[in-house]
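Working through the structure, step by step
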Amino acid sequence: MRIIFRKLYFQQALSPEEYGILMQYAEDLRTASPESYMLFSERFAAILYRDYNTFLSRFAYGIDDFYDYLLNNPKLRDTLKNNYLSIDDFPFYLHDYLEYTYPNGLINSTIITHLQLMPGENEKSLDLPEPRRKDLICKYESGNPYKETGLKSHFERIGRYSFVSRLQSIRYLRGNKANEDKIELLSGDCLGGIFTNKEKSIYYYIFLTEDNSLKASNACRILNMALYGSNIEGIRDAKYN
């Protein structure tokens with residue numbers, strides 16, 4: 001690993017094999033040693049995002065896990081809109097992230113930007129597809145998750161949301177790379193996404209746990225905001241940014 005770390009520090013390109021070894025190392029740390037994973041993230045997260053479009057959260061469980069839990073617990077969400085919540089209201093695996101991110105407590109104003117995603121009282125409720133009951137399925141071209149740099153990390157981040165049942169890379173965009181990455185509504189149980197690394201843009205499918213157009217639209221909007229900071233409506237021909 002020392003050779004790989006040295007190449008990262010000196011901005012030397014990793015081979016696909018080296019990148020795969022590094023990502024597996026990070027995943028092993030995340031599951032087996034959260035403290036070591038946090039140190040790894042502090043050292044390399046910015047480099048990996050800048051050079052490989054690979055997102056690493058600071059903690060083993062981060063913002064995506066927090067919002068997935070919040071979205072799947074409406075009573076907590078409603079309470080948070082009007083009152084203070086204790087970190088103890090959330091599962092233990094989120095505590096490190098919450099203590100670091102919200103040192104003054106989970107006051108609604110600290111996350112109001114994200115709560116603006118959620119419809120108000122006079123709008124349709126934020127119904128989402130039901131949580132998956134089976135393990136997430138990810139399918140990559142040639143069965144190789146590391147063939148396209150950054151794609152596995154991107155899929156893992158989307159897969160943190162429990163309404164996603166399957167992710168599948170489909171094809172490369174012809175011509176130049178896409179102007180922007182985005183997620184769009186395709187049907188009641190399927191979203192389409194674009195992921196771009198330094199070399200190319202890749203189109204992929206996000207399959208949902210239910211076939212429901214309203215729920216799919218809400219899921220689309222949540223993912224766009226979480227990944228790209230956009231509060232667009234989840235419609236196929238929507239202008240993104």
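Please refer to the structure higher up on the page.
Model, not experiment: these values are computed from the prediction.

**Quick word on the nonpolar core**
Phe66, Phe90, Leu98, Leu106, Leu191 and Ile206 are the most contacted members of the largest nonpolar core, which totals 39 residues. Of all the elements, helix H9 (residues 213-228) adds the most residues to this core, at six residues. Apart from the residues lying within four places of it in its own chain, the contact partners of Leu191 are Ile183, Glu184, Leu185, Leu186, Tyr204, Tyr205, Ile206, Leu208, Ala216, Ala219, Cys220 and Leu223. Within the second largest apolar cluster, 19 residues are counted, among which are Leu14, Leu29, Tyr37 and Phe44.

**Digging into the pattern of salt bridges**
The full count for this structure, using the stated rule, is eleven salt bridges. A salt bridge links Glu18 to Lys7; its shortest N-O distance comes to 2.8 Å. Remark: Lys7 occurs in helix H1 (residues 2-9) and Glu18 occurs in helix H2 (residues 16-32); sequence separation between them is eleven residues. For Glu18, a relative accessible area of 17% gives the class buried. Lys7 sits in the buried class, given a relative accessible area of 17%.

**Quick look at the layout of surface pockets**
Considering only enclosed or pocket space, the largest pocket measures out at about 390 Å³ in volume. Along the wall of the largest pocket there are 22 residues; nearest its centre are Glu27, Arg30, Ser153, Glu156 and Arg160. What the second largest pocket holds in volume is close to 330 Å³. Forming the boundary of the second largest pocket are 18 residues, of which Leu14, Asp51, Tyr52, Thr149 and Glu199 lie nearest the centre. Of all the secondary-structure elements, those providing two or more residues to the lining of the second largest pocket are H1 and helix H3 (34-52).

**Here's the deal with a negative patch on the surface**
On the surface, Glu35, Asp88, Asp89, Asp96 and Glu99 cluster together into a patch of negative charge. As for its placement among the helices and strands, Asp88 is situated in the loop between helix H5 (74-82) and helix H6 (95-101). Among the residues examined, Asp88 registers a relative accessible area of 63% and is labelled exposed.

**Here's the deal with the packing of aromatic side chains**
All chains considered together, the criterion is met by 21 aromatic pairs. Where Phe66 meets Tyr97, the ring centres are 6.1 Å apart and the plane angle is 45 degrees; that geometry is what we call tilted. Here Tyr97 lies in helix H6 and Phe66 lies in helix H4 (residues 63-71), a separation of 31 residues in the sequence. Among the residues examined, Phe66 registers a relative accessible area of 0% and is labelled buried. Taking relative accessible area as the criterion, Tyr97 reaches 8% and is therefore assigned buried. Through a chain of ring-to-ring contacts, three or more aromatic side chains come together here, namely Phe59, Phe66, Tyr67, Tyr69, Phe90, Tyr97, Tyr100 and Tyr102. Above the face of the Tyr61 ring, Arg30 is positioned so that its terminal group lies 5.6 Å from the ring centre. Looking at Arg58, its charged tip hangs above the ring of Tyr100, at a distance of 4.1 Å from the centre.

Quick notes on the rules
- Residues take numbers from 1 onward in each chain, read along the sequence in its written order.
- Thresholds applied to this predicted model are a pLDDT of at least 70 for local features of residues and 80 or more for the giving and counting of side-chain atom pairs; totals over whole chains, interfaces and linings are not thresholded and use all residues.
- As a convention, hydrogens and water are excluded, and side-chain values are obtained from all of the structure's heavy atoms.
- Only buried residues count toward a nonpolar core, which is a set of Ala, Val, Leu, Ile, Met, Phe, Trp, Tyr and Cys residues joined through side-chain atoms within 4.5 Å.
- Burial classes follow relative accessibility: with a 1.4 Å probe on protein chains only, a residue under 20% of its type's maximum area counts as buried, one over 50% as exposed, and anything between as partly exposed.
- Secondary structure counts use DSSP, requiring at least four H or I residues in a row for a helix and at least two E residues in a row for a strand, with both numbered from the N terminus.
- Contacts are residue-level and defined by heavy atoms, with any inter-residue pair within 4.5 Å sufficient.
- By convention in these notes, a salt bridge is any Lys or Arg side-chain nitrogen within 4 Å of a carboxyl oxygen on Asp or Glu.
- A cavity, in this analysis, means grid points on a 1 Å lattice covering only the protein atoms where a 1.4 Å probe fits yet has no way out; a pocket is instead an open set bounded by protein on both sides within 12 Å along at least five of seven lines, and a residue lines either one if it has an atom within 4 Å of a point.
- Grid points are joined across faces, edges and corners, and a volume is the space filled by probe spheres set on the points.
- Only residues above 30% relative accessible area that lack a salt bridge enter a patch, with like-charged residues linked at up to 9 Å and the nonpolar side chains Val, Leu, Ile, Met, Phe, Trp and Tyr linked at up to 5 Å.
- The Shrake-Rupley method, run with a 1.4 Å probe, gives the accessible areas here. Residue values count only the displayed protein chains as cover.
- Counted as positive: Lys and Arg. Counted as negative: Asp and Glu, with His and the chain ends omitted from the count.
- Charge coordinates come from a single atom per side chain, which is NZ of Lys, CZ of Arg, CG of Asp or CD of Glu.
- Geometry of aromatic contacts follows a simple scheme: Phe, Tyr and Trp rings, the Trp one being its six-membered ring, pair when their centres are within 6.5 Å, and the pair is stacked under 30 degrees between planes, edge-to-face over 60, tilted otherwise.
- Counted as over-ring charges are cases with an Arg CZ or a Lys NZ within 6 Å of the ring centre that also lie within 35 degrees of the ring normal.

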